[in-house]
Amino acid sequence: MRDALVAAAFQLFLERGYEQTTVDDIVALAGVGRRSFFRYFPSKEDVVFPDHERCLADMTAFLAASDAAHEPVRRVCDAARLVLLMYAENPSFSVQRYRLTKQVPGLRAYELSVVWRYERALAEYLRGRFAGRRDGNLRADVIAAAVVAAHNNALRSWLRSDGQGDASAAVDHALGYVQSAFGAPPAAPAEEHPEDVVVVVSRRGAPLWRVVQEIETTLGRD
């Protein structure tokens, strides 16, 4: 039912235009009543963005499942990738929606409000991780905004190309800037050195100073 309503809505949006399509038109084409429409979507705008509530819930749950072992900047970058996966599930629909949103000012405003909710979810997680640090809230808000900006830059480039190319690689590249600017550097691999084994033979009962002297002499040799 939900998918049928979305399909009917976009068919009418393309044929008549968004402003000229009413909820009554959508339910008539889908063959259901108005009550069924509002069971799934609070408004006509919501039918244009049918998966954002689910994605926001998934992101919130993903962040809530974090622990102290997760590097916080990398964690919010991974959370942003959940949004990309939502768009990549159905590239043709995502491209259609992008074109429609560009044409309708009201939808652009609605989309901005959705983006803000994603950003606040990231910022709230980071505020918790940076609690007690000097400028912790400021750092959290700046990083959250940077993650959203980087993600959206790559996502919109992909949508402008009609969903061609590797969206995941583009987003990874963009988020790499955020990680390098704000994230903790990866731990350097431990250097491997062959173990030096020193064997010193000393007479039983030799004074300790003599043993130490022999060790120092041995270690000093090339």
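Use the structure listed above.
Residues numbered from 1 in each chain as written. Predicted model: local features only at pLDDT ≥ 70, side-chain atom pairs only at ≥ 80, totals over all residues. Heavy atoms only, no water.

1. Comments concerning the side chain of Thr 101
Heads up, the rule is: Under the DSSP-based scheme used, a helix requires at least four consecutive residues in state H or I and a strand at least two consecutive residues in state E, with every element numbered from the N terminus. Distance and chemistry together define a polar contact, namely a pair of N or O atoms within 3.5 Å, with one atom able to donate a hydrogen and the other to accept it when in protein, and with adjacent residues in sequence counting only for side-chain atoms on both sides. Here, residues are in contact when the closest pair of their heavy atoms is within 4.5 Å.
Here Thr 101 is to be found in helix 7 (residues 91-103). A polar contact is formed between the side chain of Thr 101 and the backbone oxygen of Arg 97, at a distance of 2.7 Å. For Thr 101, the contacting residues outside a window of four places in its chain are Phe 49, Leu 107, Arg 108 and Glu 111.

2. Description of the pattern of salt bridges
We count it as follows: Put simply, a salt bridge is a Lys or Arg side-chain nitrogen that is within 4 Å of an Asp or Glu carboxyl oxygen. Type-normalised accessible area, obtained with a 1.4 Å probe on protein chains alone, sets the label of each residue: buried when under 20%, exposed when over 50%, and partly exposed for intermediate values.
For the structure on display, the rule yields 12 salt bridges. A salt bridge links Arg 81 to Asp 78; the nearest nitrogen and oxygen atoms lie 2.7 Å apart. Taken as a pair, Arg 81 and Asp 78 lie in helix 6 (residues 72-88) at a separation of 3 residues, close to a single helical turn. On the basis of relative accessible area, Arg 81 is assigned to the partly exposed category, the value being 24%. Arg 81 is the partner of Asp 172 in a salt bridge, and the nearest nitrogen-oxygen pair spans 2.7 Å. Linking Asp 172 in helix 10 (residues 167-182) with Arg 81 in helix 6, this pair joins segments that are 91 residues apart in sequence.

3. As for the layout of surface pockets
How we decide: The method works on a 1 Å grid over the protein atoms by themselves. A cavity is a set of points holding a 1.4 Å probe that cannot get out, a pocket is an open set with protein on both sides within 12 Å along at least five of seven lines, and residues with an atom within 4 Å of a point line them. Grid points are joined across faces, edges and corners, and a volume is the space filled by probe spheres set on the points. Classes in brief: Ala, Val, Leu, Ile, Met, Phe, Trp, Tyr, Cys and Pro nonpolar; Asp, Glu, Lys and Arg charged; the others, Gly included, polar.
In this structure, the largest pocket spans a volume of roughly 150 Å³. Lining the largest pocket, in full, are Arg 2, Asp 3, Val 6, Pro 50, Asp 51, Met 86, Glu 89, Asn 90, Phe 93, Ser 94 and Arg 97. Residue assignment for the lining of the largest pocket shows that the elements contributing at least two residues are helix 1 (2-16) and helix 7. A breakdown of the residues in the lining of the largest pocket according to their chemical character gives 4 nonpolar, 2 polar and 5 charged.

4. Side note on the packing of aromatic side chains
Note the threshold: Two aromatic rings from Phe, Tyr or Trp, using only the six-membered ring of Trp, form a pair when their centres are within 6.5 Å; if the ring planes differ by under 30 degrees the pair is stacked, by over 60 it is edge-to-face, and anything between is tilted.
Counted according to the given criterion, the structure contains 7 aromatic pairs. Here the aromatic rings of Phe 37 and Phe 38 are separated by 5.2 Å at their centres, their planes lie at 85 degrees, and the arrangement is edge-to-face. Overall, the relative accessible area of 0% leaves Phe 37 in the buried class. When the centroid spacing of 6.4 Å and the interplanar angle of 45 degrees are considered together, the rings of Tyr 40 and Phe 41 count as tilted.

5. What to know about the environment of Glu 119
By the secondary structure assignment, Glu 119 is in helix 8 (residues 105-129). Classification of Glu 119 by relative accessible area gives buried; the value is 19%. Remark: the alpha-carbon pair of Glu 119 and Val 76, spanning 43 residues in sequence, is separated by 9.8 Å. With residues near it in sequence (within four places) discarded, Glu 119 still touches Ala 144, Ala 145 and Val 148.

6. Brief notes about empty space enclosed by the protein
To locate leftover empty space, one rolls a probe as large as a water molecule over the atoms. Tallied over the full model, the rule gives 2 cavities of 30 Å³ or more. A volume near 190 Å³ is recorded for the largest cavity. Surrounding the largest cavity, 17 residues form its lining, Val 83, Val 115, Tyr 118, His 151 and Asn 152 being those nearest its centre. Looking at the lining of the largest cavity element by element, the count peaks at 6 residues for helix 9 (residues 136-160). Broken down by class, the residue content of the lining of the largest cavity amounts to 12 nonpolar, 3 polar and 2 charged. By volume, the second largest cavity is sized at about 40 Å³. In terms of lining residues, the second largest cavity is bounded by His 52, Glu 53, Leu 56, Val 114, Arg 117 and Tyr 118. Counting only elements with at least two residues in the lining of the second largest cavity, the list comes to helix 5 (52-64) and helix 8. In the lining of the second largest cavity, the residues fall into 3 nonpolar, 1 polar and 2 charged.

7. Notes on helix 1
Stated precisely, the cut-off is as follows: Here a helix's expected span is defined as the number of its residues, less one, multiplied by 1.5 Å.
The end-to-end C-alpha separation of helix 1 is 21 Å, in line with the 21 Å expected for 15 residues at 1.5 Å each. What helix 1 keeps buried is the set Leu 5, Val 6, Ala 8, Ala 9, Phe 10, Leu 12 and Phe 13. Those residues of helix 1 that are buried are in contact with helix 2 (23-30), helix 3 (34-40), helix 4 (44-48) and helix 7. Of the residues flanking the end of helix 1, it is Gly 17, one or two places downstream, whose phi is positive at about 105 degrees.

8. Overview of the packing of helix 1 against helix 7
As a reminder of what qualifies: All axes are obtained by fitting lines to C-alpha atoms, using only the stretch in contact for helices, and the reported angles, taken between N-to-C directions, cover 0 to 180 degrees. Roughly parallel refers to an angle under 35 degrees, roughly antiparallel to one over 145, roughly perpendicular to one between 65 and 115, and oblique to any angle outside these ranges. Note on convention: the crossing is left-handed when the near helix lies turned anticlockwise from the far helix by less than a right angle, right-handed when the turn is clockwise.
At a minimum axis separation of 12 Å, helix 1 and helix 7 run at an interaxial angle of 45 degrees. One finds that helix 1 runs oblique with respect to helix 7. As helix 1 packs across helix 7, the resulting crossing turns out to be left-handed. Each of Val 6, Phe 10, Phe 13 and Leu 14 in helix 1 lies in contact with helix 7, whose residues at this interface are Phe 93, Gln 96, Arg 97 and Leu 100.

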